Amino acid sequence: MSTTPEWLVGDPVAEHDLGILRSGKEAQIDLIERVGADGRTCLVARKRYLPRSVSSKGQLEAMGVQRASTFRHDVEYREGRQFRKTRDRRAVEQMSTHGKKLLQDRWTNHEHDVMRTLWDAGCNVPYPISFADDRLDMEYVGDQAQAAPQLGRARLDHDQLRAAWTDLLDGLHAITAAGWAHGDLSAYNLLWWDERLWFIDFPQAVDIAANPNGISFLHRDVVNVCTWFARHGITDDPEEVFADLLDHWG
Ligand SMILES: Nc1ncnc2c1ncn2[C@@H]1O[C@H](COP(=O)(O)OP(=O)(O)OP(=O)(O)O)[C@@H](O)[C@H]1O
Ligand SMILES: [Mg+2]
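Residues numbered from 1 in each chain as written. Chains lettered and ligands numbered in written order. Predicted model: local features only at pLDDT ≥ 70, side-chain atom pairs only at ≥ 80, totals over all residues. Heavy atoms only, no water.

**Brief notes about the pattern of salt bridges**
Counting across every chain of the model gives nine salt bridges. For Asp137, the salt bridge identified is with Arg34, shortest N-O distance 3.9 Å. On the criterion of sequence distance, the pair formed by Asp137 in strand β5 (residues 135-139) and Arg34 in strand β2 (residues 27-35) is long-range, its members being 103 residues apart. For the pair Asp137 and Arg34, one class covers both residues: buried. For the salt bridge of Glu111 with Lys47, the shortest nitrogen-to-oxygen distance reads 3.2 Å. Of the two residues, Glu111 is situated in helix α6 (residues 97-120) and Lys47 in strand β3 (residues 41-49); the sequence distance between them amounts to 64 residues. For Glu111, a relative accessible area of 1% translates into the label buried. Owing to a relative accessible area of 5%, Lys47 belongs among the buried residues under this scheme. Each of Glu15, Arg34, Arg46 and Asp137 takes part in a single network of salt bridges with overlapping partners. (Salt bridge = Lys/Arg side-chain N within 4 Å of Asp/Glu carboxyl O. Helix = DSSP H or I, 4+ residues; strand = E, 2+ residues; numbered from the N terminus. Buried < 20%, exposed > 50% of the residue type's maximum accessible area, 1.4 Å probe, protein only.)

Below is the structure:
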C-alpha cells in the first residue's frame, strides 16, 4: 500500500475474466487476472456501474445516465463540485442534456479520482488502477481462495474488533484530513483482510468544504460506524469522534 505497485499498473499483455465476485444493486464486481509482459500475473477487481432497473433503462439511456439511484442524489452530492466554465455550471443547474452528460462524466471518474487522492494520502483503499468506459479497475483485496469479507460479515474476535476500530479511526482521520467525507460509510463498505481494515465504495464521496452537506454526510458516516461497533462491544461517543475529526480537518 505504501509504494506504488508498478507491476499492477503496467499494461497487461493478456487478461482473463475469472467471473463475478459480487453483484449488487449499483455495481457488479468482476475478478480479472492480468498477465504482464514478463509472465507474472495478478488479480484485479473490476467495478462496473449498473443501470438501476430494466424498466427505467430507456429513460436512463435517453438521459445518458447509467445509475438512476445515485443520480437522484447527484445534485445534492455534487453541489460545490466545481465546473470551471459558466456555461457548464448553468447547464448543470438547469439539468439540460449537456448538464446531465457533464454530471454523468464526472460521476464515473469521481470514484477513481477520490480513491487515488486517498491512496496518496496513506488511507487503506484498494489502489485504483484505471477508469474507462464506465468501469473501474482496482487492486483486488483477497487471495485465490476468497475475496476479503465485508466487515459486517467477517466474524472478528474481540482483539480483531479493537484493531479494526483503531484502523477505522485512522482511516477516517486520513479521509477527513484530505478534505473528503465517504458519504456511504457502513460495515458493508469496509473490508477485513490481512488483519487490516480497507475502505471501499467511494462514488458518493463529497468534498467537505465545498459541499454544503459535507459536514452532515461526515456526521452520518461516523454515527453509522459507531453504532455498528457499539453493537459489537466497542463503544465510543460518536459526537466525540466527530468533533475530533473536525478538529483535525483541513
Ligand atoms: N477491490 C475489491 N477487492 C475485493 N472485493 C471487492 C473490491 N471492491 C468491491 N468488492 C466487493 O464487492 C462489493 C460491492 O462493491 P462496492 O461496495 O464498491 O459496490 P456497490 O455499488 O456498493 O455495490 P452493492 O450494491 O453490492 O453494495 C463489496 O462490498 C465487496 O464485497
Ligand atoms: Mg457498497
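The rest of the description comes next.
**Details of the site of ligand 1**
The local shell around ligand 1 holds 20 residues, among which Arg22, Lys47, Glu139, Gln150 and Asp201 are the closest. In this structure, an oxygen atom belonging to ligand 1 sits 2.7 Å away from a side-chain N or O atom of Arg22. Side-chain polar atom of Asn189 to an oxygen atom of ligand 1: 3.1 Å apart, as the coordinates give it. Relative to its free-state accessible area of 600 Å², ligand 1 is covered by the protein chains to the extent of 92%. Elements supplying a minimum of two residues to the shell around ligand 1: β1 (14-23), β2, β3 and β5. A per-class count over the shell around ligand 1 returns 11 nonpolar, three polar and six charged. (Near = heavy atom within 4 Å. Polar contact = N/O pair within 3.5 Å; in protein donor to acceptor, adjacent residues only side chain to side chain. Areas by Shrake-Rupley, 256 points an atom, 1.4 Å probe, with all protein chains shown as cover. Nonpolar A, V, L, I, M, F, W, Y, C, P; charged D, E, K, R; others polar.)

**Remarks on the coordination of the magnesium ion (ligand 2)**
For the magnesium ion (ligand 2), every protein donor is listed as Asn189 (OD1) and Asp201 (OD), and the spread of their distances is 2.2 Å. You can see Asn189 sitting in the loop between β6 (180-181) and β7 (190-193) and its partner Asp201 sitting in the loop between β8 (196-199) and β9 (206-207), a full 12 residues away along the chain. Assigned by exposure class, Asn189 and Asp201 land together as buried. (Donors = N, O, S within 2.8 Å, 3.2 Å for Na, K, Ca; no water.)

**Here we look at the sheet that holds β2**
Strands sit in the order β1-β2-β3-β5-β4 across an open sheet of five strands; the sheet is antiparallel. The open sheet has two free edges, formed respectively by β1 and β4 (128-132), since each of these has just one partner strand. In this sheet, neighbouring strand axes are inclined to one another by 25° on average, regardless of whether the strands run parallel or antiparallel. Note: β4 against β5, four bridges, orientation antiparallel. Bridging across to β5, Phe131 finds its partner in Leu136. (Pairing = 2+ DSSP bridges. Axes fitted to C-alpha atoms, helices over the stretch in contact; angles between N-to-C directions.)

**Focus on the confidence of the model for the chain**
Looking at the chain as a whole, the pLDDT averages 84, with 81% of positions reaching at least 70. Below a pLDDT of 50 lies the segment residues 52-72, which in the model reaches 30 contacts outside its immediate sequence neighbourhood of four places, other chains included. (pLDDT = per-residue confidence, 0-100. Contact = heavy atoms within 4.5 Å.)

**Quick notes on the pairing of β8**
The side chains of a regular strand alternate between both faces of the sheet. The pairing of β7 with β8 spans four bridges and is classified as antiparallel. Residue Trp193 lies in a different strand from β8, and its bridge partner there is Arg196. Between β7 and the antiparallel strand that follows it, β8, lie two residues; Asp194 among them carries a positive phi value of about 60°.

**Here's the deal with helix α8 (residues 214-231)**
Side chains three or four residues apart in an α-helix point the same way, a direct result of the helix having 3.6 residues per turn. Counted at 1.5 Å a residue, the expected span for α8 with its 18 residues is 26 Å, and the 26 Å between its end C-alpha atoms agrees. All buried positions along α8 are accounted for by Gly214, Phe217, Leu218, Asp221, Val222, Val225, Cys226, Trp228 and Phe229. Looking down the long axis of α8, one finds its buried residues gathered within 160° of arc, a one-sided arrangement. Residue Gly233 follows α8 closely and has a positive phi angle near 90°. (Expected span 1.5 Å × (residues − 1). Arc of directions from axis to C-beta.)

**A closer look at the packing of aromatic side chains**
Evaluation of the coordinates by the stated rule reveals three aromatic pairs. On the basis of an interplanar angle of 75° and a centroid distance of 4.7 Å, the ring pair of Trp119 and Tyr127 is categorised as edge-to-face. Across the pair, Tyr127 and Trp119 agree in class, each one buried. Judged by centre distance (5.1 Å) and plane angle (65°), the rings of Trp165 and Phe229 are edge-to-face. Placement of the pair is Trp165 in helix α7 (residues 158-177) and Phe229 in helix α8, with a sequence separation of 64 residues. A residue is classified by how much of its surface remains accessible, and Phe229, at 0% relative accessible area, is buried. (Phe/Tyr/Trp six-rings, centres within 6.5 Å; stacked < 30°, edge-to-face > 60°.)

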